[in-house]
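Spelled out from the first residue to the last, the chains are:
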Protein chains: 2
Amino acid sequence: MSFTIREAIKEDMSEVLSLIKELAHFEKETEAVEVTVEDLENDGFGKIPLFNCFVAEIDSKIVGMALFYSRYSTWKGPTIHLEDLIVTEKKRGLKIGSALYTKVIEFGYNKGVRRIEWAVLDWNKPAIDFYEKTGARVLRDWDTVHIENEAIENYINSL
Amino acid sequence: MSFTIREAIKEDMSEVLSLIKELAHFEKETEAVEVTVEDLENDGFGKIPLFNCFVAEIDSKIVGMALFYSRYSTWKGPTIHLEDLIVTEKKRGLKIGSALYTKVIEFGYNKGVRRIEWAVLDWNKPAIDFYEKTGARVLRDWDTVHIENEAIENYINSL
């Protein structure tokens, strides 16, 4: 089955959101997705886009996507952060994920960034094996910290 | 000893870089800092600034800083990422770090973001204890992945 990869347009965001929700389900956090189609349309395609996105298509249907944006490292300067790389479950094994990954690495290479970064669940061994084979390094001694919604408000109110 | 906190200006970047290098040394990665004063000046104070920064001063000398920028979550929408929070070793214990942290949380709260995020070394227990006391959550099952400089180039050349 052959697929094509292209830059996402605003009209893709509904299908992109379906993929985001599919990934959240896989990560056992279905309820965590608060973003709407309108948010993605406004945030990704406004005057200052907050992210870039590639989509993979089979027969004009979106079956995968990679969403990424710029970050800043005080060691490396501007970097790229790959936020989500998703291929719908029924279309796995066709190297679509690998092709999307390559597009993002190429994007970062062409921009001249010294680092491309993302997060992986420590039990997702197939993903980790794939990343390491491409030359990426898993940093096992760094943990991510989040303060969210209510906790932010509670902290502000406690000051 | 009393300190003040203010937004950083371009002229602070030399002192800010000294703090960045001090932190890299603490994290046992002194050689990793490739960024220069000129990079920080251009990247933080150009037409589209790539980061924001607060500095803490005692007697007109910068003794701490918090550097952060916008990110994007496909679950939460726009977020803030706190890249570095540093207080010079000789001025610890004066609650400067805590005051810088509060400024960043306030910044995110005023922007209306649903998440503020950062990374911590898993052996840095005093930092983790502090963050958890403020309502933040350490995500122990997510690992960070990096592909950098040479590895990016090698991957591109292997395609």
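Going by the structure above, here's the rest.
For the structure given in this document, a descriptive report is provided here. All of these numbers come straight from a predicted model, not from anything done at the bench.

## Digging into the packing of aromatic side chains
Phase 1 of the analysis: The tally for this structure, following the rule as stated, stands at 22 aromatic pairs over all chains.
Phase 2 of the analysis: Between A:Tyr101 and A:Phe130, the aromatic rings sit 5.0 Å apart at their centres with planes inclined by 70 degrees, giving edge-to-face as the arrangement. Within this pair, whereas A:Tyr101 is found in helix H3 (residues 96-111), its partner A:Phe130 is found in helix H4 (residues 125-133), the two being separated by 29 residues in sequence.
Phase 3 of the analysis: One aromatic cluster is present, formed by A:Tyr101, A:Trp118, A:Phe130, A:Tyr131 and B:Tyr155 through successive ring pairs.

## Remarks on the packing of helix H1 (residues 13-26) of chain B against helix H2 (residues 37-45) of chain B
All names here are of chain B.
Phase 1 of the analysis: The contact between H1 and H2 brings their axes to 9 Å, and the two run at 110 degrees. Accordingly, the angle class assigned to the pair H1 and H2 is roughly perpendicular. The two elements H1 and H2 cross, and the hand of that crossing is right-handed. For the pair H1 and H2, contact is made by Met13, Ser14, Val16, Leu17 and Ile20 and by Val37, Leu40, Glu41 and Phe45, respectively.
Phase 2 of the analysis: Broken down by class, the residue content of the contact of H1 with H2 amounts to 7 nonpolar, 1 polar and 1 charged.

## As for the relation of the copies chain B and chain A
Phase 1 of the analysis: When chain B is fitted to chain A, the residual RMSD is 0.0 Å, and the transformation amounts to a turn of 180 degrees plus an axial shift of 0.0 Å. Here the copies are linked by what is in effect a two-fold axis.
Phase 2 of the analysis: Comparing contact sets, 100% of the residues at the interface of chain B also lie at the interface in chain A, consistent with an isologous, same-surface contact.

## Things to note about the sheet that holds strand E7 (residues 142-148) of chain A
Phase 1 of the analysis: Strand order in the open sheet made by the 7 strands is E1(B)-E2(B)-E3(B)-E4(B)-E5(B)-E7(A)-E6(B), with mixed pairing throughout. Looking along the sheet, the strands with just one partner apiece sit at the ends: strand E1 (4-7) and strand E6 (137-139) of chain B. Across the sheet, the axes of successive neighbouring strands diverge by a mean angle of 30 degrees, strand direction being ignored.
Phase 2 of the analysis: Where E1(B) meets strand E2 (residues 52-58) of chain B, 4 bridges bridge the pair, whose relative direction is antiparallel. Across the sheet, residue B:Ile5 finds its bridge partner in E2(B), namely B:Ala56.
Phase 3 of the analysis: Where helix H5 (residues 149-157) of chain A meets the sheet, it contacts E7 of chain A together with strand E5 (115-121) of chain B, and its direction lies at approximately 70 degrees from that of E7(A).
Phase 4 of the analysis: Helix-sheet contacts for helix H3 (residues 96-111) of chain B involve E7 of chain A together with E1, E2, strand E3 (61-73), strand E4 (77-87) and E5 of chain B, and the interaxial angle to E4(B) is about 165 degrees.

About the thresholds
Residues numbered from 1 in each chain as written. Chains lettered and ligands numbered in written order. Predicted model: local features only at pLDDT ≥ 70, side-chain atom pairs only at ≥ 80, totals over all residues. Heavy atoms only, no water. Phe/Tyr/Trp six-rings, centres within 6.5 Å; stacked < 30°, edge-to-face > 60°. Helix = DSSP H or I, 4+ residues; strand = E, 2+ residues; numbered from the N terminus. Axes fitted to C-alpha atoms, helices over the stretch in contact; angles between N-to-C directions. Parallel < 35°, antiparallel > 145°, perpendicular 65-115°, else oblique. Left-handed = near helix turned anticlockwise from the far one by under 90°. Contact = heavy atoms within 4.5 Å. Nonpolar A, V, L, I, M, F, W, Y, C, P; charged D, E, K, R; others polar. Least-squares fit on C-alpha atoms with pLDDT ≥ 70 in both. Pairing = 2+ DSSP bridges.

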